Amino acid sequence: MARGTLREEQKKATRAKLIEAASALFAERGYAAVTIDDIAGAVGCSRATFYLHFPTKLEALLALADGDAAPSSLAFYQDLDRVLESGSRDEFSEWLTRAFDWFREHYAMFRAWDEATVLEPTFRDVARKGIAALPDSMTHYLARWPEEDRDEARLRIELLVTQLERFFVRWITFDTIEGSNELVVEVLTDVWFPALMKPST
């Protein structure tokens, strides 16, 4: 039993190292340029060992997203639900500031996610479900909308998600848009706070 437990711990440790290596390589080179051999080599294991943990390179990316970005992203939009329930414009601005901190933490992976979305139909489905899960988690926000208008309510959140991500990439990653953090938060609050506070009557 002790040997079995040790083997399981070693297996978990190897998997964690593979995910960590995949994260660093995807952040540095993107998804398309990284191979399974690259990931295995960074850990010092064989291609066969990689396959013991992940059947494909995409599975490694999915494990990486599930382990960090997806849960924290969902938590951010559950927090937005609370902010919108408060009706406070100032709290919405503070939420945007926290959202940009999240983007800064994860921005290196955006390129990999975008490439995988283009190259991997399966990941496209996962990404779509991930975006759809964000408004679905905002139960108080959705409850303020009549049942027949819930699709519009969900679309507003999905548009917010898309705009924030695309804007951040161009603002921080590519440096093709200028503006201080304070100005960006002020303008986006002007645009999005009234759009999301639409009354349900």
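Please read all numbers here as calculations on a predicted model, not as lab measurements. (Residues numbered from 1 in each chain as written. Predicted model: local features only at pLDDT ≥ 70, side-chain atom pairs only at ≥ 80, totals over all residues. Heavy atoms only, no water.)

Draft legend 1. Representation of the environment of L84 in the model. Examined against the element boundaries, L84 turns out to sit in helix α4 (residues 57-86). Exposure remark for L84: the relative accessible area of 1% places this residue in the buried category. Counting along the chain gives 109 residues from L84 to F193, while the straight-line C-alpha distance between them is 8.3 Å. In this structure, L84 is in contact with F92, M138, Y141, R144, L196 and M197, ignoring residues within four places of it in sequence. (Helix = DSSP H or I, 4+ residues; strand = E, 2+ residues; numbered from the N terminus. Buried < 20%, exposed > 50% of the residue type's maximum accessible area, 1.4 Å probe, protein only. Contact = heavy atoms within 4.5 Å.)

Draft legend 2. Region of interest: the packing of aromatic side chains. Taken as a whole and assessed by the stated rule, the structure comprises 19 aromatic pairs. Ring geometry for F100 and F103: centres 6.3 Å apart, planes at 45°, overall tilted. Within this pair, F100 and its partner F103 are both found in helix α5 (residues 89-106), separated by three residues, close to a single helical turn. By relative accessible area, F100 is classed as buried at 0%. Where F100 meets F167, the ring centres are 6.5 Å apart and the plane angle is 50°; that geometry is what we call tilted. You can see F100 sitting in helix α5 and its partner F167 sitting in helix α9 (residues 150-173), a full 67 residues away along the chain. (Phe/Tyr/Trp six-rings, centres within 6.5 Å; stacked < 30°, edge-to-face > 60°.)

Draft legend 3. Focus on the packing of α5 against helix α10 (residues 181-196). The interhelical angle for the contact between α5 and α10, taken along N-to-C directions, is 120°, at an axis separation of 9 Å. Taken as axis vectors, α5 and α10 run oblique relative to one another. Like other packed secondary-structure pairs, α5 and α10 cross with a definite hand, here right-handed. Between α5, through R89, F92, S93, L96, T97, F100 and R104, and α10, the contact on the second element is made entirely by N181, V184, V185, E186, L188, T189, D190, W192, F193 and L196. Across the contact of α5 with α10, the residue classes tally to nine nonpolar, four polar and four charged. (Axes fitted to C-alpha atoms, helices over the stretch in contact; angles between N-to-C directions. Parallel < 35°, antiparallel > 145°, perpendicular 65-115°, else oblique. Left-handed = near helix turned anticlockwise from the far one by under 90°. Nonpolar A, V, L, I, M, F, W, Y, C, P; charged D, E, K, R; others polar.)

Draft legend 4. Expanded view of the nonpolar core. Core analysis: the largest hydrophobic core is formed by 57 residues, its most contacted members being F26, L61, Y77, F92, W95 and F100. If you tally residues by element for this core, the top one is α4, at 11 residues. Non-local contacts of F26, meaning those with residues more than four positions away in its chain, are made with Y31, V34, I39, K57, L61, L64, A108, M109 and A112. (Core = buried A, V, L, I, M, F, W, Y, C linked by side-chain atoms within 4.5 Å.)

Draft legend 5. View of the pattern of salt bridges. Here the structure, examined in full by the defined rule, presents 16 salt bridges. Across the pair R98 and D79 runs a salt bridge whose closest N-O atoms are separated by 2.6 Å. A residue pair is termed long-range when its members are at least 10 positions apart, and R98 in helix α5 and D79 in helix α4 qualify at 19 residues. Of the charged contacts, one joins R89 and D190 as a salt bridge, the two residues approaching to 2.5 Å between their closest N and O atoms. Taken together, the residues span a long stretch of sequence, with R89 in helix α5 and D190 in helix α10 at a distance of 101 residues. D190 sits in the partly exposed class, given a relative accessible area of 42%. The network of salt bridges with common partners includes D79, R82, E91 and R98. (Salt bridge = Lys/Arg side-chain N within 4 Å of Asp/Glu carboxyl O.)

Draft legend 6. Layout of a nonpolar patch on the surface. On the surface, L183, V187 and V191 cluster together into a nonpolar patch covering about 240 Å² of accessible area. Assignment of secondary structure puts V191 in helix α10. (Patch = residues over 30% accessible without salt bridge, like charges linked within 9 Å, V, L, I, M, F, W, Y side chains within 5 Å. Areas by Shrake-Rupley, 256 points an atom, 1.4 Å probe, with all protein chains shown as cover.)

Draft legend 7. Geometry of helix α2 (residues 36-43). Along α2, the positions that sit buried rather than exposed are I36, I39 and A40. Each buried residue of α2 sits inside an arc of 95° when the element is viewed along its axis, so together they form one side. Seen from the open side of α2, the exposed residues pointing more than 90 degrees away from its buried face are G41 and A42. (Arc of directions from axis to C-beta.)

Draft legend 8. Fine view of the packing of α9 against α10. Interhelical geometry of α9 versus α10 gives an angle of 165° and a closest axis separation of 11 Å. Between α9 and α10, the crossing angle belongs to the class labelled roughly antiparallel. α9 and α10 meet at a crossing whose hand is right-handed. In this structure, α9 contributes R156, I157, L159, L160, Q163, L164, F167 and W171 to the contact, and α10 contributes N181, V184, L188, W192, A195 and L196.

Function cannot be read off these values alone, since they describe shape.
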